[in-house]
Amino acid sequence: MRRTTGFVIAGLVVALLLAGVVSSFASGAPDGLDSASTRGCTVDAAGEITGGTCMAQGAKEHEVGGPFADYTFTGAGGDFAATAVSGVVGVLVTFALAGGLFWATRRRRAPAQ
Amino acid sequence: MEQLALHISNGVLGGPVAAATAVVAAVGLTLCVQRGRRDLDDRLAPMAGLVAAFIFAVQMLNFPVLPGVSGHLLGGTLAALLVGPWVGALCVSIVLVVQALMFADGGVTALGANITNMALLNTAVAYLLIVVLLRVLPRTPAGLAATAVVAGVVAVVAAALGFVLQYALGGATELTAGGLGSIAAVMTGTHALIGIGEGVITAVTVVTVAKTRPDLVYALRGLRKPDLVESAA
């Protein structure tokens, strides 16, 4: 069985570049669900619903929020850094959590292939 | 810059539907853990960690699909191809949990619905199509890419319609007459376009992995593909 360490590290570097650098060039337009959610309502320039009937009307403040809310780290100076820090932290946290859980629950002995 | 994601917010679905989807998600995830453990070995476990991290990263990359409308990868097709349906659905679920708890992306009360649509439904539909298409299409990189695109489009639309069904069963705000039908049409249209983006990103990623390390593509295991799979050691 070939080792995967090198491949995983290379993949992680790609993910960090995508989340840390490329993410700042992502589209800021409402996504498919958000745009459907405001159909039927009038929305002002700030994105606040001003009238009508639509799915987004029931939406409430997020329950947790936090310094990384909306991928905009509040401790960073500037938009690029706020998004970049959020992306890098998110990739590392996700990798640590998922990798740790999967490693802990893996089968200890692989059957002969 | 405001970043939005294809995640249901807190308060959009009514309490009963939010609770019911939480039960569906819990049952589905339990099954995924049980079946996924059979697949998780010393090689798949770190790969699954990478797949989750990669999906988190690519979900930040919203691409435009129509004027004023964007979308991003959901990841179920990519995860199913690389680490299989059970572990793949768990990868997407972990991403959704991190996003809801740390990045205010998707309501915590909507986590059950988001997991049901984007992790369970999206990955399951993708994998069923992958199994069929990989056996029917030519065993070439182009065949693998076509599999990723077709599975990506259909699975993203399925996830979007999962939300429409949940909203029909108990959305928080009652829509005007015919409102839900037009929502279903709009959701299908925009998500078919988002699915094309999902398919292209998935195809590029999976074909790249298949060319460098075909042994790390779960969906290619057991298929005798002289062009894509080297003989097992």
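Since this is a predicted model, take the numbers as computed values, not measurements.

Cut-offs and rules
Residues numbered from 1 in each chain as written. Chains lettered and ligands numbered in written order. Predicted model: local features only at pLDDT ≥ 70, side-chain atom pairs only at ≥ 80, totals over all residues. Heavy atoms only, no water. Domains from an automatic or database assignment. Contact = heavy atoms within 4.5 Å. Buried area = accessible area lost by both parts, 1.4 Å probe. Salt bridge = Lys/Arg side-chain N within 4 Å of Asp/Glu carboxyl O. Polar contact = N/O pair within 3.5 Å; in protein donor to acceptor, adjacent residues only side chain to side chain. Helix = DSSP H or I, 4+ residues; strand = E, 2+ residues; numbered from the N terminus. Nonpolar A, V, L, I, M, F, W, Y, C, P; charged D, E, K, R; others polar. Pairing = 2+ DSSP bridges. 1 Å grid on protein atoms, 1.4 Å probe; cavity = no way out; pocket = protein on both sides within 12 Å on 5 of 7 lines; lining within 4 Å. Points joined across faces, edges and corners; volume = space filled by probe spheres on them. pLDDT = per-residue confidence, 0-100. Disulfide = S-S within 2.5 Å. Buried < 20%, exposed > 50% of the residue type's maximum accessible area, 1.4 Å probe, protein only. Axes fitted to C-alpha atoms, helices over the stretch in contact; angles between N-to-C directions. Parallel < 35°, antiparallel > 145°, perpendicular 65-115°, else oblique. Left-handed = near helix turned anticlockwise from the far one by under 90°.

## Considering the domain arrangement of chain A
For step 1, the next point in the chain: By the assigned domains, chain A splits into domain 1 (32-61) and domain 2 (63-107).
For step 2, the next point in the chain: If you average the C-alpha positions of domain 1 of chain A and of domain 2 of chain A, the two centres end up 28 Å apart.

## Comments concerning the interface of chain A and chain B
For step 1, the next point in the chain: Of the residues lining the interface, 65 residues belong to chain A; the matching set on chain B comes to 77 residues.
For step 2, the next point in the chain: It is Met55(A), Tyr71(A) and Phe102(A) in chain A that bury the most area against chain B; as a group they hold 14% of the surface buried on that side.
For step 3, the next point in the chain: Arg106(A) serves as the salt-bridge partner of Asp42(B), at 2.7 Å between the closest nitrogen and oxygen.
For step 4, the next point in the chain: For the pair chain A and chain B, the number of links is 19 residue pairs in polar contact (both at pLDDT 80 or more).
For step 5, the next point in the chain: In terms of residue count, helix H3 (residues 79-105) of chain A provides more of the side of chain A that touches chain B than any other element does, 17 residues in total.
For step 6, the next point in the chain: Grouping the constituent residues of the side of chain A that touches chain B by class yields 31 nonpolar, 22 polar and 12 charged.

## With respect to the pairing of strand S2 (residues 49-52) of chain A
All names here are of chain A.
For step 1, the next point in the chain: As paired strands, strand S1 (residues 41-43) and S2 are joined by 3 bridges and run antiparallel to one another. Each residue of the ladder has a partner; that of Val 43, found in S2, is Ile 49.
For step 2, the next point in the chain: In sequence, S1 turns back onto S2 through a hairpin of 5 residues, with Gly 47 there showing a positive phi of about 90 degrees.

## Quick look at empty space enclosed by the protein
For step 1, the next point in the chain: Inspection of the entire model under this criterion finds 2 cavities of 30 Å³ or more.
For step 2, the next point in the chain: Of the volumes computed, that of the largest cavity is approximately 110 Å³.
For step 3, the next point in the chain: What lines the largest cavity is a set of 13 residues, among which Leu33(A), Leu6(B), Met118(B), Ala159(B) and Ala160(B) lie closest to the centre.
For step 4, the next point in the chain: For the lining of the largest cavity, the secondary structure elements donating two or more residues are helix H5 (111-136), helix H6 (141-170) and helix H7 (179-212) of chain B.
For step 5, the next point in the chain: Here the lining of the largest cavity gets 4 residues from one element, more than from any other, and that element is H6(B).

## Some words on the confidence of the model for chain B
The predicted structure's coordinates, where accompanied by low pLDDT, should not be read in detail.
For step 1, the next point in the chain: Counting all residues, the mean pLDDT for chain B is 93, and 94% of those residues have values of 70 or more.
For step 2, the next point in the chain: For the stretch residues 229-233 of chain B, pLDDT sits under 50, and the model shows 6 contacts to residues farther than four places along the chain or on other chains.

## Observations regarding the state of the cysteines
All names here are of chain A.
For step 1, the next point in the chain: Per the counting criterion, the structure on display carries 1 disulfide over all chains.
For step 2, the next point in the chain: Disulfide pairing places Cys 41 opposite Cys 54 at an S-S distance of 2.1 Å. On the sign convention where negative is left-handed, the bridge of Cys 41 and Cys 54, at about -95 degrees about the S-S bond, is left-handed. A residue pair is termed long-range when its members are at least 10 positions apart, and Cys 41 in strand S1 and Cys 54 in the loop between S2 and H3 qualify at 13 residues. As far as the burial class goes, Cys 41 and Cys 54 line up, both buried.

## Section: the packing of H3(A) against helix H4 (residues 85-102) of chain B
For step 1, the next point in the chain: For the pair H3(A) and H4(B), interaxial distance at closest approach is 10 Å and the crossing angle is 135 degrees. It follows that H3(A) is oblique to H4(B) by the angle criterion. Here H3(A) runs over H4(B); the crossing is right-handed. Contacts between H3(A) and H4(B) involve Val89(A), Val93(A), Thr94(A), Leu97(A), Ala98(A), Leu101(A) and Phe102(A) from the former and Val87(B), Leu90(B), Cys91(B), Ile94(B), Val95(B), Val98(B) and Met102(B) from the latter.
For step 2, the next point in the chain: The class makeup of the residues in the contact of H3(A) with H4(B) is 13 nonpolar, 1 polar and no charged.

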